[in-house]
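Single-letter residue listing:
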Amino acid sequence: MSVLWKPLRRRTAGAWIAWDEKPQLARAAGLGLSFLLGAASAGVRVLGGCMPFGIAMVARAGPGAGGFVCLLGAMLGYFSAGGMDEGLRCVAACALVFTAAFCFQELKVSRRSWFMPSVAAAVTSITGVLSVYENILTPAAIASVLADMVLAGGCTVMFDEALTGGGAEESESDERRRIVALTVLFACLLASLNGITVLRVISVGRFISVLTTMTVSASAGSVPGCAAGVILGLTADLVDGTPFHIVAYGVSGLLAGVFSRRGRLLLALTFVIADATVVLWAWKTDIHIAALYEAFAASVVFMLLPSRLLTRVGTLVRPPTPGAGESGLRRYTARRAHDLAEAFRELYDAVRESAESNANDADVASVFDRAADSVCVGCKNRDLCWQTESLDTLNILNDATRPMLERGRLVPADLPERFMERCMAPDGFIGAVNAELRAMLYRRQLRARLSENRTAVYGQFQSLARIMDTVSEELQGAAGPDPLAERRLLRYLNGLDVDAEAAVFRDRSGRLRCVIEGGNLGTLLRDPNWLDKLSGLAGVRLCRPAAQNRGEGRIVLAEAEPLSVTVGVAAVRKEGEKVSGDRGTYFKTDAGVLCVVLSDGMGSGEEAARESVSAVRTLERFLRAGLEPGAAMRLLNSVFLLRGGGEDWGYATVDLMCIDLFSGEACFYKYGAAPSYVRTGKLVRRVRGQSMAAGVYAGEGENPDVVRMRLRPGSVALIASDGVVTAEKDTWLRDILAGFEGEDIRALAKNTLEAAVRQFGQNDDMTVLAVRVDARS
């Protein structure tokens, strides 16, 4: 339990507004509130003589300045309401409770939640026994002492729960308990006003109770209105000693709530009629004429209340409709699966044409058969060569096969003179054989290439299995919806009169996500601090990813990353070329991972540019879809392998750096890329790989080089193409990176590029990407 009164906080539309910016004002307000609460709670007498609420309030306040001021207020209240005899007993109990809190404040046991309620109950029972010592054995005295003791201990717990500042970190059960405790505190404070009357007829406390019940019925409906009437009526009856108001307020709130959407006049009229009916029903037992005046006066004031006040009350007491967290999570996962499907569809389109081919025979004997079919079919010696002397012809051709294959073509010297004399068109036959031989060799080359392609395609089944495993883990491992945050968000939206659906959930990585869909979201967005207020409701700092907020009527929010990055880019093309063969980009994924990609196409100019653009675009699509970077790099290698059919061979180096902006974990993935450099503190580290460029490996390909490390705020990384840096000559680059002290990361990229041009000239395309990691302010 806090020693000092906690800074006053007030709750509006689900957001907490702290006074901590003005500590002196907050402390003065806290002390003043302590005094008022002590005085008001001490003035409540229930069950004919019990006055435990002031004692409970002092016990809740604890030691220190707040507790002492609360004690002074309770003393004033007890002497004013209970006179000298009864007031002196209660003041003594308050003094003992405060003394116990002060004396035991250094002990660990005093910070237990049960300690002060137990002290309040024990002190109240002891002082109660002493006050009725002569009649201690009578049932009335025993009941009075027990009631005082239970109410003192129980209300200490309730008051502490109500007045201890909650926040976004409290659970759903904590919030329910807080609402109950606040209701009990409000009812006790209203009971302290029951003795104050206007014109000696209308009780201020009961008037406020009637007005509150009417307001709750109008803003939240029958059930909350009836509940409010029962609680406030019960409190009034405990003070007055007759069970009347619990029925009057409860029935009136129930019936009036039926007309909550039919206008104020009909609702107020229904409430007054129901209240009058209960008064007439109890007329023979007791006359409660004051209840009629109080209901009428409250109905008049109710008609004058601003509509915004009713809306605010409704947000506090009306149960919000359940959110769509579970369906929102499913839609989020379905969207990711759809993105993966689109990425694989693009992969299919890229390799479809090169994968299609007609099967053809690659047997060497078919070369001579096809040549004979085209040349010998009309020859007069056809039967002589291919029937009468067929065995000799076959032996001649078999003997010529080996030198023909070694040479790559058939020449007259490979055939004996008898064949040349017998053949009517030897030159035509040799030419036809060579044409068929070239076709056969081309078919063999195509078959080998297609075999590599099929192997690469078969290897994708394993990648697809990994992807499906990832999707399955996403569904099974997601933390699921956050119903408490959804309820707070819906309550806030209802307070703004925004009709929208809200889904709040956590994905597999534990990142909070929020989706709001509705037609009148402009009311929410007009508040310049709307994002900060929603962050207060969610308990985490939220951001609005631009890539997911392109449509109208839908707002997508995500938990903001604790780290931020700044990227600087500098590039120059090879001297004499119109375009650069390098291509780089950077982007942030839905998971809060920054991806920096740099690709250098084969050669330079437009051909190299096409290779690098294709590599960057394919890799970006897979990474944005949520594919694991290593799997995305392997797929990229397969794309280049499958796309290069026949003699159309292409490849590109690929450099990928991924930084988790939640943890600072960084991974470098390289296919034939130049070394990268990372500076952490004063240490400069070189990151290099041994793999070859994407599209060079056949079959399923090889895994890229992977280097993992953790980047702290202030770390700087440099990624450059091979025209900028080589592993043998990098001292100049290390010196530039080690000497970088400024905050302009773009200047670092520019200075590095200029130094590289001075060092090596513009003999190749040159690109530099500089990245600095900082803590988000």
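Everything that follows concerns the structure shown earlier in this document.
My aim in this report is to walk through the structure given alongside it, one point at a time. Here the structure is a predicted model, which is why all the values come from computation and not from measurement.

1. Concerning the packing of helix H7 (residues 204-220) against helix H12 (residues 307-317)
For step 1, the next point in the chain: As a packed pair, H7 and H12 sit with axes 8 Å apart at the nearest point and diverge in direction by 80°. Classified by the interaxial angle, the pair formed by H7 and H12 is roughly perpendicular. Residues Thr215, Val216, Ser219 and Ala220 of H7 form the contact with H12, whose own contacting residues are Leu310, Val313, Gly314 and Val317.
For step 2, the next point in the chain: For the contact of H7 with H12, the per-class residue count stands at five nonpolar, three polar and no charged.

2. A word on a nonpolar patch on the surface
For step 1, the next point in the chain: Taken together, the side chains of Val247, Val251, Leu254, Leu255 and Trp281 present a nonpolar region at the surface, about 460 Å² in accessible area.
For step 2, the next point in the chain: Looking at the nonpolar patch element by element, the count peaks at four residues for helix H9 (residues 245-257).
For step 3, the next point in the chain: By secondary structure assignment, the location of Trp281 is in helix H10 (residues 264-281).
For step 4, the next point in the chain: We classify Trp281 as exposed; its relative accessible area is 66%.

3. Brief notes about unusual backbone geometry
For step 1, the next point in the chain: Phi at Arg200 is positive, roughly 60°, even though this residue is not glycine.
For step 2, the next point in the chain: One non-glycine residue, Asp497, adopts positive backbone phi at about 60°.
For step 3, the next point in the chain: Note that Asp497 resides in the loop between helix H19 (483-495) and strand S6 (500-506).

4. With respect to the sheet that holds strand S18 (residues 716-720)
For step 1, the next point in the chain: Strand order across the open sheet formed by five strands is S10-S19-S18-S15-S16, with antiparallel pairing between neighbours. The open sheet is flanked by strand S10 (563-572) and strand S16 (683-687), the only strands paired with a single partner. When the angles between neighbouring strand axes are averaged without regard to direction, this sheet yields 15°.
For step 2, the next point in the chain: In this structure, strand S15 (residues 676-680) lies alongside S16, joined through five bridges in antiparallel fashion.

5. Examining the side chain of Ser252
For step 1, the next point in the chain: Note on placement: Ser252 falls in helix H9.
For step 2, the next point in the chain: A polar atom in the side chain of Ser252 sits 2.6 Å from the backbone oxygen of Ala248.
For step 3, the next point in the chain: In this structure, Ser252 is in contact with Phe271, Ala274 and Asp275, ignoring residues within four places of it in sequence.

6. Considering the pattern of salt bridges
For step 1, the next point in the chain: In total, this model carries 22 salt bridges according to the counting rule given.
For step 2, the next point in the chain: Between Asp148 and Arg89 there is a salt bridge, with the nearest N and O atoms lying 3.2 Å from each other. Of this pair, Asp148 sits in helix H5 (residues 139-163) while Arg89 is found in helix H3 (residues 64-103), placing the two residues 59 residues apart along the sequence. For the pair Asp148 and Arg89, a shared accessibility class is recorded, and that class is buried.
For step 3, the next point in the chain: Residues Asp392 and Arg422 are paired through a salt bridge, measuring 3.6 Å at the closest nitrogen-oxygen approach. Within this pair, whereas Asp392 is found in helix H16 (residues 390-407), its partner Arg422 is found in helix H17 (residues 417-422), the two being separated by 30 residues in sequence.

Each value, and the rule that gives it
In this numbering scheme, every chain counts its residues from 1 along its sequence in written order. The model is predicted, so local features are restricted to residues of pLDDT at least 70 and side-chain atom pairs to those at 80 or more, both for listing and for counting; the totals for chains, interfaces and linings are taken over all residues. With hydrogens and water excluded, all non-hydrogen atoms of the structure serve as input to the side-chain values. Angles shown run from 0 to 180 degrees and are taken between the N-to-C directions of axes, each axis being a line fitted to C-alpha atoms and, for helices, limited to the stretch in contact. Numbering goes from the N terminus for both helices and strands, where a helix is a DSSP run of H or I of at least four residues and a strand is a run of E of at least two. For classification purposes, angles smaller than 35 degrees are called roughly parallel, those larger than 145 roughly antiparallel, those between 65 and 115 roughly perpendicular, and all remaining angles oblique. We call two residues in contact whenever any of their non-hydrogen atoms come within 4.5 Å of each other. Charged means Asp, Glu, Lys or Arg here, nonpolar means Ala, Val, Leu, Ile, Met, Phe, Trp, Tyr, Cys or Pro, and polar covers whatever is left, Gly included. Within the patch definition used here, like charges are joined within 9 Å and nonpolar side chains (Val, Leu, Ile, Met, Phe, Trp, Tyr) within 5 Å, considering only residues with over 30% relative accessible area and no salt bridge. Note that accessible areas follow from Shrake-Rupley with a 1.4 Å probe, and for residues the cover is restricted to the protein chains shown. Throughout this description, the term salt bridge denotes a Lys or Arg side-chain nitrogen within 4 Å of a carboxyl oxygen of Asp or Glu. Classification of residues uses two cut-offs on accessible area relative to the type maximum, computed with a 1.4 Å probe and protein chains only: under 20% is buried, over 50% is exposed, and between them is partly exposed. Two strands are said to pair when DSSP picks up at least two bridges between them. The term polar contact refers here to a pair of N or O atoms within 3.5 Å; inside protein, the definition further demands a hydrogen-donor-capable atom paired with an acceptor-capable atom, and it admits residues adjacent in sequence only when both atoms are side-chain atoms.

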